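# Architecture at a glance
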Amino acid sequence: MKKYLLSLAAMLMLAAPLALISCGDDDDDNSQPTILPVNLQDPNFKAIAKKIILQQLTSVNGNIIESIELTESGNYFIVARQGDNARTRALSDYVYLFGAYSSQGATFELNGFGSITVDGDNVKANITITVPGSDPITVPVTLTKNEMEGLMATYLCRTWTISNTRLRYPNGGAVLAKDFPGECNLKSIVDFVKEYVSISDSFNPQKIVKGVTFTSAKTFLINYADNTYDYGSWNWVGTPSVELQTGAITYRWNEADMGASFLNGSASIAFSGSECKLTLKATYDGKAVEVVWTLR
């Protein structure tokens, strides 16, 4: 993600004629994948998940809070604008905070931040924000809850981890592919390509995808081991097929340096058993290129 997949896919295009071969696992590029009944349980916090959009300027710890989202899997995500004395992300006015939360009635404890208490469960409500060392602040908010409904959204809306990354691109009549099992470590993938192509790119060893989150409030979030984030929104294209356990989505990022112009903002989803295949689609030099994540 960010601009890394742009470089990655370009390097794949260069390396493929020399090094990449079709992979022979159960989900081979030349065969149809086995479709297993979906056995995903509802995430633990599905009933209380919500996005809270603040309706007035509210400064907390030097940052202006824009929204607080409580996700289906029990993580919170805060989007804020930097205050005069806060700068934690170069070239960006935004601050992103991520962590686990717990709930007791209308009060939610946000680990590493503080607590919020929600007064009201309709679209319009108030919340009281309490952080250590400051007086409580009560502000009006808009609640977005369960905007994405239906069985396929229930399957998708949770936090996933990556068990495999597959790079794919067509070469003549064949589809060339390379698998990278385990967490998506961008440095390891680039190091592989460097064995075949002379490139100068280098990446932080901590540029590892730790989680991929979709929420019913249309949030699409990728969090990395170095505490950076790709944050944006998603939506279905047409109606997903419960029978085929597949669907198509579009997505867009919150900031220009997230994602890449190479990626065209479209993806496909396929469920089987307890897994989800998320295929991010792109076009490079007139050819289709895909990054396929196996999510669990």
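Preceding this section is the structure that the text describes.
Looking only at helices and strands, the protein has three helices and 19 strands in total. Considering the protein as a whole, with its 296 residues, one finds that 50% of them fall into the buried category. Considering only contacts in the protein between residues 6 or more positions apart, those separated by 24 or more positions represent 51%. Carbon and sulfur atoms make up 49% of the accessible area of the protein, which amounts to about 13,900 Å² in all.

By the bridge criterion, seven bridges tie strand β4 (residues 75-82) to strand β5 (residues 94-104) in an arrangement that is antiparallel. Residue Asn 75 lies in a different strand from β5, and its bridge partner there is Ala 100. Hairpin remark: β5 followed by strand β6 (residues 107-110), antiparallel, with two residues in the connecting loop; positive phi at Gly 105, about 65°.

The next subject is the pattern of salt bridges. Side chains that differ in charge, positive against negative, can pair when their charged atoms come close. Per the counting criterion, the structure on display carries five salt bridges. The salt bridge partner of Arg 81 is Glu 66, with a shortest N-O separation of 3.1 Å. Taken together, the residues Arg 81 in strand β4 and Glu 66 in strand β3 (residues 63-70) connect sequence positions 15 residues apart.

Now for the packing of aromatic side chains. Overall, the coordinates contain 18 aromatic pairs when judged by the stated rule. Where Tyr 101 meets Phe 108, the ring centres are 6.1 Å apart and the plane angle is 70°; that geometry is what we call edge-to-face. Neither residue differs from the other here; Tyr 101 and Phe 108 are each classed as buried. Here the aromatic cluster, defined as three or more aromatic residues joined through ring pairs, consists of Phe 77, Tyr 94, Tyr 96, Phe 98, Tyr 229 and Tyr 231. Positioned over the ring face of Trp 160 is Arg 158, at 5.8 Å from the centre of the ring. Of note, Lys 178 hangs over the ring of Phe 180, and the distance from its end group to the ring centre comes to 5.9 Å.

The next subject is the nonpolar core. The biggest cluster of nonpolar side chains holds 44 residues, and the ones touching the most others in it are Val 212, Trp 234, Phe 271, Leu 278 and Trp 293. Excluding its chain neighbours within four sequence positions, the residues that come into contact with Leu 278 are Val 212, Phe 214, Phe 220, Ala 267, Ser 268, Ile 269, Val 291, Val 292, Trp 293 and Leu 295. Core analysis: the second largest hydrophobic core is formed by 23 residues, Tyr 76, Ile 116, Ile 127 and Leu 143 among them.

Counting buried positions along β3 yields six of eight residues, so the element is predominantly enclosed. Looking at chain direction, strand β1 (residues 50-54) and β3 are connected through four bridges and run antiparallel. Within β3, the position partnered with Ile 53 by the bridge is Ser 67. Two elements, strand β2 (residues 59-60) and β3, share two bridges in a ladder whose sense is antiparallel. The partner of Val 60 across the bridge, within β3, is Asn 63. Two successive antiparallel strands, β2 and β3, enclose a turn made up of two residues, where Asn 61 displays a positive phi of approximately 55°.

What follows is about the environment of Leu 54. Its location among the elements puts Leu 54 in strand β1. Take Leu 54: its relative accessible area is 10%, and that puts it in the buried class. Each C-alpha atom, one on Leu 54 and one on Ile 68, is 8.1 Å from the other, the two residues being 14 residues apart in sequence. Apart from residues lying up to four places away in sequence, Leu 54 is in contact with Ile 65, Glu 66, Ser 67, Ile 127, Ile 129, Val 139, Pro 140 and Val 141.

Thresholds applied
Residues numbered from 1 in each chain as written. Predicted model: local features only at pLDDT ≥ 70, side-chain atom pairs only at ≥ 80, totals over all residues. Heavy atoms only, no water. Helix = DSSP H or I, 4+ residues; strand = E, 2+ residues; numbered from the N terminus. Buried < 20%, exposed > 50% of the residue type's maximum accessible area, 1.4 Å probe, protein only. Contact = heavy atoms within 4.5 Å. Areas by Shrake-Rupley, 256 points an atom, 1.4 Å probe, with all protein chains shown as cover. Pairing = 2+ DSSP bridges. Salt bridge = Lys/Arg side-chain N within 4 Å of Asp/Glu carboxyl O. Phe/Tyr/Trp six-rings, centres within 6.5 Å; stacked < 30°, edge-to-face > 60°. Lys NZ or Arg CZ within 6 Å of the ring centre and 35° of its normal. Core = buried A, V, L, I, M, F, W, Y, C linked by side-chain atoms within 4.5 Å.

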